[in-house]
Amino acid sequence: QVHFVESGGGLVQPGGSLRPSCAASGFTFSSYAMSWYRQFPGKERELVAVISSAGTSTNYADSVTGRFTISRDNAKNTVYLQMNSLKPEDTAVYYCNFRLFDWGQGTQVTVSS
């Protein structure tokens, strides 16, 4: 059974940093590209960042390029999202996944002064 546990969100001031993590189980983690998504209230989830199965290739949404970095540790079945220079418009619930169903509970990121 596929399972994701996202953690590491929180409340941070504009310009601050957070590093959410996502522990995955129930599938062969090292065989799949992994993504971080975020969801604003009342909106659909949007793709934030993708990392290849070996961690050698990454891609980012234009809105986070240069500020966010996705990484993974295949030995720990965990994917991370280093978030720097956070803006109020980054406030959302953040999720990880390798497909578009079986979502975890997500982790809330709130950027506010």
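Anything mentioned here points back to the structure above.
Residues numbered from 1 in each chain as written. Predicted model: local features only at pLDDT ≥ 70, side-chain atom pairs only at ≥ 80, totals over all residues. Heavy atoms only, no water.

Chemist: Looking at this structure, how should I read the packing of aromatic side chains?
Modeler: Centre-to-centre distance and the angle between the planes together describe a pair of aromatic rings. In this structure the tally under the stated criterion is 8 aromatic pairs. Taken together, a centroid distance of 4.2 Å and an interplanar angle of 25° make the contact between F27 and F98 stacked. With F27 in the loop between β3 (21-25) and β4 (34-39) and F98 in the loop between β9 (92-97) and β10 (107-111), the pair connects residues that are 71 residues apart, well separated along the chain. Summarising the burial analysis for this pair, F27 and F98 share the class buried. (Phe/Tyr/Trp six-rings, centres within 6.5 Å; stacked < 30°, edge-to-face > 60°. Helix = DSSP H or I, 4+ residues; strand = E, 2+ residues; numbered from the N terminus. Buried < 20%, exposed > 50% of the residue type's maximum accessible area, 1.4 Å probe, protein only.)

Chemist: Looking at this structure, how should I read the sheet that holds strand β1 (residues 3-7)?
Modeler: Picture the strands of a sheet paired through backbone hydrogen bonds; they go either parallel or antiparallel. Ordered in space as β1-β3-β8-β7, the 4 strands form an open sheet in which the pairing is antiparallel. Edge positions in the open sheet fall to β1 and β7 (68-73), since each of these has one partner strand only. In this sheet, neighbouring strand axes are inclined to one another by 15° on average, regardless of whether the strands run parallel or antiparallel. With 3 bridges joining them, β3 and strand β8 (residues 78-83) adopt antiparallel strand pairing. Across the sheet, the residue bridging to A23 is T78, located in β8. (Pairing = 2+ DSSP bridges. Axes fitted to C-alpha atoms, helices over the stretch in contact; angles between N-to-C directions.)

Chemist: It is not clear to me how the sheet that holds β4 should be interpreted in this structure. Could you clarify?
Modeler: The strand order across the open sheet formed by 6 strands is β2-β10-β9-β4-β5-β6, and the pairing between neighbours is mixed. If you trace the sheet from one side to the other, it starts and ends with β2 (10-12) and β6 (58-60), each paired once. Averaged over all pairs of adjacent strands, the angle between their axes in this sheet comes to 25°, without regard to strand direction. The sheet contact formed by β2 and β10 spans 3 bridges and is parallel. Bridge pairing in β10 places G10 opposite V109.

Chemist: Could you clarify how one ought to interpret the pattern of salt bridges in this entry?
Modeler: A side chain of one charge can pair with a side chain of the opposite charge if their charged atoms are brought near each other. This structure, assessed with the given rule, holds 4 salt bridges. Between D90 and R67 there is a salt bridge whose closest N-O contact spans 2.7 Å. With D90 in the loop between β8 and β9 and R67 in the loop between β6 and β7, this pair connects stretches of sequence that are 23 residues apart. Close ionic contact of R99 with D102 constitutes a salt bridge, the shortest N to O distance being 2.5 Å. Residue class for D102 comes out partly exposed when judged on its relative accessible area of 40%. Three or more residues are tied together by salt bridges with common partners; here these are R38, E46, R67 and D90. (Salt bridge = Lys/Arg side-chain N within 4 Å of Asp/Glu carboxyl O.)

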